[in-house]
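Here is what each chain is made of, one letter per residue.
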Amino acid sequence: MTASKTSSNTEFPLFSDLPLIEPIQSALRSKGYTIPTPIQAGAIPPLLEGRDFLGCAQTGTGKTAAFAIPILQLLHQSPAKAVSGAPRALVLCPTRELAVQILESFTNYGKSLRLRFAAVFGGVGQSPQVTSLTRGLHVLVATPGRLQDLMDQGHCSLSRLEFFVLDEADRMLDMGFMPAIKRIVAKLPKQRQSIFLSATMPPPIEELAGSLLHDHVTVMITPPATTAQKVAQRVMFVDKDNKRKLLESLLESNAFSKVLVFVRTKYGADRLAKSLKSSTMMIDAIHGDKSQGARQRVLNGFKDGELRVLVATDVAARGIDVEGITHVINYDMPMEPDGYVHRIGRTARAGATGESISMCDAEEFQQLRQIEREIGKRVPVDRNHPYHSADAEDEVIKRDASSGRKKTSRGRPTSGPRAAASGGTKSGGAAGRARKGFKGSKPSTTSSFGAPAAGGEAAPGRRRSISGKVKKINNSTSKPQYGYSAERKPDGNSSSGSSRGPSRGSSSGPKRKKR
Ligand code: AMP
């Protein structure tokens, strides 16, 4: 695989500036979208040119539209009848919820196109899925296990495939899907356009991307810290036994109108939802033990506003994309700092702001400090609630002292992996222009648009370029309006065919690559 180059003029266009066909423009207008997010601005033009694409981005960045829109347009521009069991585009993703959401995106953006879409995923009966495959389709969204089953039974063939998308590749790895993915990948036609998305790039993912992509364009979106920066975060020290009462007292405020509460276990989720049901009727739980139908019903209820509070485990919450979540509450602190950023990223979606409250008891000190290292700052303590536990806070202070962490006068750690990178961001210069440019003008810089949140550099492994080097985000720039920041691999005169770099509005049409 050769990582290839991108246009030397990174632009921040409006959707109306992009060479998108009117039915898609109109679908975007009806969704109220005018400004592409950085990953969309970075992905759509080269994908329309037929290039392979690597996006380092997590949910909430607009990554689904970044691949769905160009695929829809390219399918529409080379029309072909839907063939039974043989899609032209395949999107592989890790969870059923995400599959449903991706299908929804294709359906929304492609509502005026004569294209057929379907999704297949486990946890539900397969016959309706077999029916939708047999009826003929252009785009298939699938989780790997179910797709493999259907392929083994002869219900689905990848022989006509032109577009292959692997979404949330790192999650697939975590969830043990790698063998299934490899078996599916072995069946892909050599000539195809491949799109690879992952929030992080650990070595196995890098290797997989290397085997799939050819002459690709890369866009890296500043991960967790950016999301974390948009969310107003607080920690409340509380004794374990008082957490439920604290939650109840928080929910007395009408400002908590759409609340996602995270707990550690499935049992804990059910128990909490049940115990709160008496006081707050509009509450339910979602977790992996519920049937797909039940999960979808609960999720729809939350989306539609019938439920005010949703109690979720981390796995069940993967891929939850619900607009207007006002608060994320960590009833149990997450075990992994990454989990924290994923959790609080459920609010502050697509440029909105949101609030998160973490309930920390005396035993959760370690998790709190790990999270703070991950996001590069201390989470402000809110003692202004009836269940503040001085004991829990003292415990944290005691543990801090015994672990020898020095603090600055503002309570920030003076050492640790992130402290060094917490220098502020500057506006002005190229990035200042980039930010304005996001609304229409052109920045003169080529290599990055936007910057990481204060807190700066990512954890190792998070910023790896495909060549294995850790890419550093330019810390002297300011982030663009959307709240995301992104970095494109710089353009240049690569030996790998920079002559094929994207030329906006080119009429040459997409080129599928042969491997
Ligand atoms: P995703 O990262 O694909 O899960 O998208 C996150 C959320 O952003 C979804 O609710 C999308 O509908 C929304 N979204 C995607 N693109 C845009 C855009 N350009 N403007 C506003 N919202 C968007």
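So, here's what we can say about the structure. Since the structure is predicted, the reported quantities are computational estimates derived from the model, not experimental observations.

Our next topic: the overall build of the protein chain. Scanning the protein chain from terminus to terminus reveals 18 helices and 15 strands. The buried share of the protein chain, taken over its 515 residues, is 56%. Taking as baseline every contact in the protein chain between residues at least 6 positions apart, the subset at least 24 positions apart corresponds to 78%. Looking at the protein chain as shown, the accessible area adds up to about 20,300 Å², and 49% of this sits on carbon and sulfur atoms.

This next bit is on the environment of Asp-241. Tracing the backbone shows Asp-241 in the loop between strand S8 (231-237) and helix H11 (243-251). On the basis of relative accessibility, which here comes to 71%, the residue Asp-241 falls in the exposed class. For the pair Asp-241 and Asp-361, spaced 120 residues apart in the sequence, the C-alpha separation amounts to 9.2 Å.

All told, the structure shown has 19 salt bridges when counted by the stated rule. Put simply, Arg-244 and Glu-248 hold a salt bridge, and the shortest N to O gap is 3.1 Å. On the criterion of helical spacing, the pair formed by Arg-244 and Glu-248 is a turn pair, its members being four residues apart in helix H11. With relative accessibility at 23%, the residue Glu-248 sits in the partly exposed group. For the salt bridge of Arg-369 with Glu-372, the shortest nitrogen-to-oxygen distance reads 2.7 Å.

What follows concerns the pairing of strand S12 (residues 327-330). Burial along S12 is two-sided: the face carrying His-327 and Ile-329 and the face carrying Val-328 and Asn-330 are both buried. Of the pairings in the sheet, the one linking strand S9 (residues 259-262) to S12 comprises four bridges and is parallel in character. Counted as the bridge partner of Val-259 is His-327 from S12. In terms of strand pairing, S12 meets strand S13 (residues 354-360) through four bridges, oriented parallel. Residue pairing in the sheet places Asn-330 in a bridge with Ser-358 of S13.

Counted by the stated rule, this structure contains three aromatic pairs. With centroids separated by 6.0 Å and ring planes inclined at 40°, the aromatic side chains of Phe-106 and Phe-117 adopt a geometry described as tilted. Of the two residues, Phe-106 sits in helix H4 (residues 96-109) while Phe-117 sits in strand S3 (residues 117-120), which places them eleven residues apart along the sequence. Phe-117 shares its class with Phe-106; the two are buried. Here the aromatic cluster, defined as three or more aromatic residues joined through ring pairs, consists of Phe-67, Phe-106 and Phe-117. The ring of Phe-302 is capped by Lys-258, whose NZ or CZ atom sits 6.0 Å from the centre of that ring.

The next thing to look at is the pairing of strand S2 (residues 89-92). Consecutive side chains along a regular strand alternate between the two faces of the sheet. The two faces of S2 match: Ala-89 and Val-91 on one face and Leu-90 and Leu-92 on the other face are all buried. Inspection of the sheet shows S2 paired to strand S5 (residues 163-166) by four bridges, in the parallel sense. In the sheet register, Val-91 faces S5, and the bridge partner there is Val-165.

Read across the sheet, six strands follow the order S8-S13-S12-S9-S11-S10 without closing on themselves; strand pairing throughout is parallel. At either margin of the open sheet sits one strand with a lone partner, and together these are S8 and strand S10 (283-286). For this sheet the average axis-to-axis angle between neighbouring strands, irrespective of direction, equals 20°.

Let us now look at the packing of helix H15 (residues 337-344) against helix H16 (residues 365-375). H16 packs onto H15 with a crossing angle of 70° between their chain directions and a minimal axis gap of 8 Å. When the axis of H15 is compared with that of H16, the two are roughly perpendicular. Mapping the contact onto sequence places Pro-337, Asp-338, Tyr-340 and Val-341 in H15 and Gln-370, Ile-371, Glu-374 and Ile-375 in H16. Across the contact of H15 with H16, the residue classes break down as five nonpolar, one polar and two charged.

Parameters and conventions
- Residues numbered from 1 in each chain as written.
- Predicted model: local features only at pLDDT ≥ 70, side-chain atom pairs only at ≥ 80, totals over all residues.
- Heavy atoms only, no water.
- Helix = DSSP H or I, 4+ residues; strand = E, 2+ residues; numbered from the N terminus.
- Buried < 20%, exposed > 50% of the residue type's maximum accessible area, 1.4 Å probe, protein only.
- Contact = heavy atoms within 4.5 Å.
- Areas by Shrake-Rupley, 256 points an atom, 1.4 Å probe, with all protein chains shown as cover.
- Salt bridge = Lys/Arg side-chain N within 4 Å of Asp/Glu carboxyl O.
- Pairing = 2+ DSSP bridges.
- Phe/Tyr/Trp six-rings, centres within 6.5 Å; stacked < 30°, edge-to-face > 60°.
- Lys NZ or Arg CZ within 6 Å of the ring centre and 35° of its normal.
- Axes fitted to C-alpha atoms, helices over the stretch in contact; angles between N-to-C directions.
- Parallel < 35°, antiparallel > 145°, perpendicular 65-115°, else oblique.
- Nonpolar A, V, L, I, M, F, W, Y, C, P; charged D, E, K, R; others polar.

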